[in-house]
Amino acid sequence: LIVNEGDAASSFYIIMEGVVNVVKSKQVIRKLTAGDCFGEQALYDVSAKRLMSIQAASEVIYVS
């Protein structure tokens, strides 16, 4: 688990390698791969909460 739905959002992430699942209410709604990013809401609102969870589906390398 990289980020958890409902937690405070404080970082933006870029996937360098691997695959992650985007999960909302325990349901996978999308997959992200190398070059994709997530967590941009944290850049706009310092009091934001994570709207979805991000779970590694393979070995993942990312930068935040």
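The structure presented is a predicted model; accordingly, all values stated were derived computationally and were not measured.

Definitions and cut-offs
Residues numbered from 1 in each chain as written. Predicted model: local features only at pLDDT ≥ 70, side-chain atom pairs only at ≥ 80, totals over all residues. Heavy atoms only, no water. Pairing = 2+ DSSP bridges. Helix = DSSP H or I, 4+ residues; strand = E, 2+ residues; numbered from the N terminus. Salt bridge = Lys/Arg side-chain N within 4 Å of Asp/Glu carboxyl O. Buried < 20%, exposed > 50% of the residue type's maximum accessible area, 1.4 Å probe, protein only. Patch = residues over 30% accessible without salt bridge, like charges linked within 9 Å, V, L, I, M, F, W, Y side chains within 5 Å. Areas by Shrake-Rupley, 256 points an atom, 1.4 Å probe, with all protein chains shown as cover.

Draft legend 1. Spatial organisation of the sheet that holds strand 4 (residues 37-38). In space, the 3 strands of this open sheet follow the order 4-1-6, with antiparallel pairing throughout. Taken across any chain shown, the strands that pair with only one partner, and hence form the sheet edges, are strand 4 and strand 6 (61-63). Across 3 bridges, strand 1 (residues 13-17) lies against strand 6 in antiparallel orientation. Within strand 6, the residue paired with glutamate 17 across the bridge is isoleucine 61.

Draft legend 2. Spotlight on the pattern of salt bridges. The full count for this structure, using the stated rule, is 1 salt bridge. Linking lysine 24 and glutamate 5 is a salt bridge whose minimum nitrogen-to-oxygen distance equals 3.6 Å. One end of the pair, lysine 24, is in strand 2 (residues 19-24); the other, glutamate 5, is in the segment before strand 1, with 19 residues separating them in the sequence. Using a relative accessible area of 35% as the deciding quantity, one classes lysine 24 as partly exposed. Given a relative accessible area of 28%, glutamate 5 falls into the partly exposed group.

Draft legend 3. Structural view of the pairing of strand 3 (residues 27-33). With 6 bridges connecting them, strand 2 and strand 3 associate as antiparallel partners. The residue bridging asparagine 21 from the neighbouring strand is lysine 31, located in strand 3.

Draft legend 4. Representation of the environment of tyrosine 44 within the structure. Inspection of the secondary structure puts tyrosine 44 in helix 1 (residues 41-44). For tyrosine 44, a relative accessible area of 70% puts it in the exposed group. Linking tyrosine 44 and glutamate 59, residues 15 residues apart in sequence, is a C-alpha distance of 29 Å.

Draft legend 5. Inspection of a nonpolar patch on the surface at higher detail. Together, Ile14, Met16, Ile61 and Val63 give the surface a local cluster of nonpolar side chains, amounting to about 320 Å² of exposed area. For the nonpolar patch, the secondary-structure elements that each account for two or more residues are strand 1 and strand 6. Tracing the backbone through its elements, the reader meets isoleucine 61 in strand 6. Under the relative-accessibility criterion, isoleucine 61 is labelled partly exposed at 42%.

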